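If you want the building blocks of each chain, they are given just below.
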Amino acid sequence: MKFSKVFSLSIFIIAAGAAYSADAAAPHLYANYISAHNINAMQHSIMTQSMQTFEGAAAAALSGHSKFIQKIKSEGKGSALDLYGHLPMYGTMHLYGEYGDDGSVNYNQPKGRNGGDTYSRPTLNSMWLTWNHFDEDVKFKTYDVLDSDYDLIMFGFAGGEAQLGIGISEWGFFGGYTGGEQTNEFLNIEENGGYVGFYSGYNIQNFNLSFAINAGSLYNNAENIYGTDEYANMWAGAALNATYNISLDDTFTLQPGIYAGYTWIGSANYISASGDSVENQNFNMLEITPSLRAIKHISKGWFGYIGVKYVLNYPHGGDVLANGVLLQELDIDNYSEYGIGIEKSIDRFNVAIHLNRHDGGRYGWNGGFNLKYIF
């Protein structure tokens, strides 16, 4: 009995020691784990940026404002355009259509109550281009901080805008490129990939609900002291975003919201340059993000906003085995984001610029712009 206990204890100590040695001596074996978590962070930006092209800051500030609707009815579109500029959410068509008393828009009515030309909405109503740059540090528990620099470029178009009840529905497609690197003393991971997706939205006065799906791939080169490891990730995801506009007056709105996203990330197995056999389990990433924005019409069609959100991540899976030994899991904390933005529409172009700060599991800065052309 004593011998069996000693033997069992010895096996346990040897196994624990092997696992510890794998963690301590080969931090580069976590490269795929790091890339997968970066995909999850990119997904947040991809999904929210695509859905916000449907509900821009200016549109949210004006959506459902009875004073604005009455101004169009009583004074015509000219005075409204002088004050607010073109609406980036819907273009100029809603100013040409007829507003109902409940805030709905009848596309088929003539201009204003006095009659005029009718408006025929196109199949496609807008196209847009977005660029974002991220310069932040990623802080995994029990692992050195990584300096993360990457870019997101997206192009998309929207169409199918239609009256649905007393609200407006829309759909769109988007695609883009992502590339950058993550670096610490053990690794230099270069990442390049692309993605495509679809989104749809529904706006009914003060309430907006948006939905998006996408899929993409990321190709990675992880340089380490042994050489370079090459591997690829595939992903597919879906997200919902709901916001509600609380109008404090006809120029100022509070917009609470909630975002929920799910991403499946496929991981590759490979033989590392160090000669280790690396097995990577797939990931299932769930994210819940409450948010709040304060949106203000400044003057003559200039809009500004400040916002805050808290990103809660719930990863599942992603185990890493090196030569059959399970490595220690790398946890990452949730993080907060707060930032500012400005938006202006000039003729048929809408331009928005934003700057954000991350703190927590990811900390640093990101910023970018969105250019939208309205047909």
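What you see is a predicted model, and the numbers here were worked out from it, not measured in a lab.

Before we go on, may I ask you to explain the nonpolar core in this structure?
The biggest cluster of nonpolar side chains holds 47 residues, and the ones touching the most others in it are Tyr 30, Ile 34, Phe 140 and Tyr 143. The leading source of residues in this core is helix H2 (residues 31-52), at 10 residues. Not counting the four nearest positions on each side in its chain, Tyr 143 is found in contact with Pro 27, Tyr 30, Ile 34, Asn 184, Phe 186, Leu 187 and Leu 330.

Help me understand the side chain of Gln 43, please; the structure alone is not making it clear to me.
Of note, Gln 43 is situated in helix H2. Judged by its relative accessible area of 2%, Gln 43 is buried. Within the local environment of Gln 43, its side chain forms a polar contact with the side chain of Trp 235, the two groups lying 3.2 Å apart. Residue contacts for Gln 43: discarding those within four places in its chain leaves Asn 214, Trp 235, Gly 237, Tyr 259 and Thr 263.

Help me understand the pattern of salt bridges in this model?
Close approach of charged atoms lets side chains of opposite charge pair. Tallied over the full model, the rule gives 4 salt bridges. Put simply, Glu 136 and Arg 362 hold a salt bridge, and the shortest N to O gap is 2.9 Å. Of this pair, Glu 136 sits in strand E3 (residues 124-138) while Arg 362 is found in strand E19 (residues 362-374), placing the two residues 226 residues apart along the sequence. For the pair Glu 136 and Arg 362, one class covers both residues: buried. The shortest N-O distance in the salt bridge between Asp 333 and Lys 141 comes to 3.3 Å. One end of the pair, Asp 333, is in the loop between strand E16 (325-326) and strand E17 (335-346); the other, Lys 141, is in the loop between E3 and strand E4 (146-164), and 192 residues separate them in sequence. By relative accessible area, which is 32% here, Asp 333 ends up partly exposed.

Could you clarify how one ought to interpret H2 in this entry?
Count 3.6 residues to each turn of an α-helix, and residues three or four apart come out pointing the same way. Taking 1.5 Å of rise per residue, the 22 residues of H2 would be expected to cover 32 Å, and the 32 Å separating its terminal C-alpha atoms lies within 8% of that figure. Counting buried residues along H2, 21 of its 22 residues qualify, which places the element largely inside the surrounding structure.

Can you walk me through the environment of Asp 144 in this structure?
Relative to the assigned elements, Asp 144 resides in the loop between E3 and E4. Judged by relative accessible area, which is 31%, Asp 144 ranks as partly exposed. As for Asp 144 and Asn 184, which are separated by 40 residues in sequence, their C-alpha atoms are 7.0 Å apart. Contacts of Asp 144, omitting those with residues within four sequence positions, involve Asn 184, Glu 185 and Phe 186.

Hey, could you run me through the packing of aromatic side chains in this one?
Both the distance between ring centres and the angle between the ring planes are used here to describe each pair of aromatic rings. One pass over the structure, following the stated rule, counts 15 aromatic pairs. Geometrically, the ring pair formed by Phe 157 and Phe 173 is tilted, given 5.9 Å between the ring centres and 45 degrees between the ring planes. Of this pair, Phe 157 sits in strand E4 while Phe 173 is found in strand E5 (residues 167-183), placing the two residues 16 residues apart along the sequence. Relative to Tyr 199, the ring of Phe 174 lies with its centre 6.4 Å away and its plane at 35 degrees, an arrangement referred to as tilted. Highlighted residues: Phe 174 in strand E5 and Tyr 199 in strand E6 (residues 188-204), separated in sequence by 25 residues.

Conventions we followed
Residues numbered from 1 in each chain as written. Predicted model: local features only at pLDDT ≥ 70, side-chain atom pairs only at ≥ 80, totals over all residues. Heavy atoms only, no water. Core = buried A, V, L, I, M, F, W, Y, C linked by side-chain atoms within 4.5 Å. Buried < 20%, exposed > 50% of the residue type's maximum accessible area, 1.4 Å probe, protein only. Helix = DSSP H or I, 4+ residues; strand = E, 2+ residues; numbered from the N terminus. Contact = heavy atoms within 4.5 Å. Polar contact = N/O pair within 3.5 Å; in protein donor to acceptor, adjacent residues only side chain to side chain. Salt bridge = Lys/Arg side-chain N within 4 Å of Asp/Glu carboxyl O. Expected span 1.5 Å × (residues − 1). Phe/Tyr/Trp six-rings, centres within 6.5 Å; stacked < 30°, edge-to-face > 60°.

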